Structures are given as C-alpha cells and as structure tokens.
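# Remarks on the overall topology
Listed below, chain by chain, are the residues.
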Amino acid sequence: GNSVTQMEGPVTLSEEAFLTINCTYTATGYPSLFWYVQYPGEGLQLLLKATKADDKGSNKGFEATYRKETTSFHLEKGSVQVSDSAVYFCALMVRSGGSNYKLTFGKGTLLTVNP
Amino acid sequence: DSGVTQTPKHLITATGQRVTLRCSPRSGDLSVYWYQQSLDQGLQFLIQYYNGEERAKGNILERFSAQQFPDLHSELNLSSLELGDSALYFCASSLGGLAVNNEQFFGPGTRLTVL
C-alpha cells in the first residue's frame, strides 16, 4: 500500500537556523509529492509540490526535491523565522483507479522556532 | 482565509449521541472532502463528494455518513459516538476532482469532543 513516513517531532530551532524535515514514502506507481503546512488554529495549506523525479518544489524559502532513488522528499529551509512555527505534513498522491486519485498524509511534524 | 467554512467550530457531546458537521466549499468548487485528524491516527481521508455524488471513500466508519447537497455544501453525520471519535474534522474543497494540479483548500476544522 501507499504510506508516508516523516520524522517525528517536535523540532525546536532558533531563528535563522537551518531546517530539515525528513520524509520518505512507499507507493505503487509514480506518485506526486506534496508538503502541507498547518498554522495554529487553521486548516492545512499547500506549501509546495513535485510531480516527477528530480523535480524541486519551492515556496516561501522552503524547498524539497523528489528523489526517486531514495524515495524521499525532504523539506528544507535555509533560515527559519518565528512565523514558520507550524505543523508540516508530507503527502503523496497516486491514481487509485480511472480518473480518481488518492492523497495519503504523513503524521505531521511540529516545528517551533524561538526568537 | 481559504474560503471554506465549517460549522460549528467546537462541539462537545456524549457517547452514543449523533452530531452533524457542516461545510461550505469555496465558491465554484465542486468537490468536497472530509478528513479526520487525531493524535494517534494522524490525518485520515474519510470521503469525497463531487457535484453531489460520492466519488471516493477512505477510512470512514459505517457509523459515519456524508452527503453533498444541490447548493454544494456538505454535511458529515457521526452517530453512536464513541470516545475515540474525538478529533478535529476538516473539510476541504477543490474545483474538480482530486488531481495533481487541482489544489485542495482546507477549512479551519470542527473540533469534536466526546465525553
């Protein structure tokens, strides 16, 4: 089956530190990969995505590269800010039959950035 | 603000009871998705409706049901509630069916507490 494993949190960093949140996946076929972010008290928002091997998704200073050989999609940011404090979800999407797709999420990683 | 609204924001009820959660999608979106987020299970896809018809089913219990009305709002009905049903329930919407280039927009969620 399809599954996403991401590093367990919580992750606590100081402002301007480098961030890596690891994500690996298991999937049948060729998945598309996503990172979502959930700020306190809000719903999830799409942060970035990659649809094929070696694609790099980027947004708001965050980056992730689709690595098929290691089945990974690690999230990175060079210099985090307090406003980046949130829960980050890695997810994959595969076709589940016909024109239907299925989205599978990891368990989420809580990031806290201290000033 | 994603444009997806959910009511109520919080719901507290007792075991064995029945509740209804409501979701209004973004204007123009035809698909509605329901998710359950709990500490132990993470974010689980429950069910998807597209233009009034059920499109995909995830890990939805038989005690749970949903529907999408002609005005495209959706309701999730949870019955014979158990303590383990306590969770955050999210609704999301998208223009078309779930697809890589068809972003889902999440509502702020309804927090259900079963006592």
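This text goes with the structure placed above it.
Now for a quick tour of the structure.

### Comments concerning the side chain of Ser 72 of chain A
All names here are of chain A.
- With respect to the helices and strands, the residue Ser 72 is situated in the loop between strand E8 (62-65) and strand E9 (75-77).
- Among the polar contacts made by the side chain of Ser 72, one reaches the side chain of Thr 70 at a distance of 2.8 Å.
- Setting aside residues up to four positions removed in sequence, Ser 72 forms contacts with Cys 23, Thr 24, Tyr 25, Leu 33, Thr 65, Tyr 66 and Arg 67.

### Focus on the packing of aromatic side chains
- For the structure shown, the criterion picks out ten aromatic pairs over all chains.
- With 6.1 Å between their ring centres and 80° between their planes, Tyr 25 of chain A and Tyr 66 of chain A make a pair best called edge-to-face. Pair noted here: Tyr 25 of chain A is in strand E4 (residues 23-26) and Tyr 66 of chain A is in the loop between E8 and E9, with a separation of 41 residues, a long-range link. An identical accessibility class is assigned to Tyr 25 of chain A and Tyr 66 of chain A; each is buried.
- Pairing Phe 62 of chain A with Tyr 88 of chain A gives two aromatic rings, centres 5.6 Å apart and planes at 40°, and the pair type is tilted. Of this pair, Phe 62 of chain A sits in strand E8 while Tyr 88 of chain A is found in strand E10 (residues 86-97), placing the two residues 26 residues apart along the sequence. For the pair formed by Phe 62 of chain A and Tyr 88 of chain A, the shared burial category is buried.
- Cluster of aromatic residues (ring-pair linked, three or more members): Phe 34, Tyr 36, Phe 89 and Phe 105 of chain A together with Tyr 35, Phe 45, Phe 90 and Phe 106 of chain B.
- Its end group placed over the ring of Phe 105 of chain B, Arg 26 of chain B keeps NZ or CZ at 3.7 Å from the ring centre.
- Sitting over the face of the ring of Tyr 50 of chain B, Arg 55 of chain B holds its NZ or CZ atom 4.6 Å from the ring centroid.

### Side note on the pairing of strand E4 (residues 31-38) of chain B
Residue and element names in this part refer to chain B.
- With eight of eight residues buried, E4 is to be regarded as a mostly interior element.
- The two faces of E4 match: Ser 31, Tyr 33, Tyr 35 and Gln 37 on one face and Val 32, Trp 34, Gln 36 and Ser 38 on the other face are all buried.
- By the bridge criterion, seven bridges tie E4 to strand E9 (residues 87-94) in an arrangement that is antiparallel. Looking at E9, one finds that Gln 37 is bridged to Leu 88.

### Structural notes on the pattern of salt bridges
- Taken as a whole and assessed by the stated rule, the structure comprises six salt bridges over all chains.
- Note that Lys 52 of chain A is salt-bridged to Asp 55 of chain A, the shortest N-O span being 3.3 Å.
- The class of Lys 52 of chain A is exposed, set by a relative accessible area of 51%.
- Note on Asp 55 of chain A: relative accessible area 21%, which makes it partly exposed.
- A network of salt bridges, in which partner residues are shared, links Arg 63, Glu 82 and Asp 85 of chain B.

### A word on unusual backbone geometry
- Pro 10 of chain A follows Gly 9 of chain A through a cis peptide bond whose omega is -5°.
- By the secondary structure assignment, Pro 10 of chain A is in the loop between strand E1 (3-6) and strand E2 (11-14).
- Pro 8 of chain B follows Thr 7 of chain B through a cis peptide bond whose omega is -10°.
- Positive phi is not limited to glycine here, since Asp 54 of chain A has a value of about 75°.
- In this structure Asp 54 of chain A comes out as exposed when scored by relative accessible area, which is 54%.
- The phi angle at Thr 71 of chain A is positive, at roughly 40°, despite the residue not being glycine.
- Here Thr 71 of chain A shows up in the loop between E8 and E9.
- The exposure class assigned to Thr 71 of chain A is partly exposed, which follows from its relative accessible area of 31%.

### So, the interface of chain B and chain A
- Across the contact, 17 residues belong to chain B and 20 residues belong to chain A.
- When chain B packs against chain A, close to 1,600 Å² is buried across both sides, 59% of that on carbon and sulfur atoms.
- Run the count over chain B and chain A and you get zero salt bridges.
- Remark: the boundary between chain B and chain A carries two residue pairs in polar contact (both at pLDDT 80 or more).
- Elements represented by at least two residues in the side of chain B that touches chain A include exactly E4 and E9 of chain B.
- Of the residues that constitute the side of chain B that touches chain A, the class distribution is nine nonpolar, five polar and three charged.

Cut-offs applied
- Residues numbered from 1 in each chain as written.
- Chains lettered and ligands numbered in written order.
- Predicted model: local features only at pLDDT ≥ 70, side-chain atom pairs only at ≥ 80, totals over all residues.
- Heavy atoms only, no water.
- Helix = DSSP H or I, 4+ residues; strand = E, 2+ residues; numbered from the N terminus.
- Polar contact = N/O pair within 3.5 Å; in protein donor to acceptor, adjacent residues only side chain to side chain.
- Contact = heavy atoms within 4.5 Å.
- Phe/Tyr/Trp six-rings, centres within 6.5 Å; stacked < 30°, edge-to-face > 60°.
- Buried < 20%, exposed > 50% of the residue type's maximum accessible area, 1.4 Å probe, protein only.
- Lys NZ or Arg CZ within 6 Å of the ring centre and 35° of its normal.
- Pairing = 2+ DSSP bridges.
- Salt bridge = Lys/Arg side-chain N within 4 Å of Asp/Glu carboxyl O.
- Buried area = accessible area lost by both parts, 1.4 Å probe.
- Nonpolar A, V, L, I, M, F, W, Y, C, P; charged D, E, K, R; others polar.

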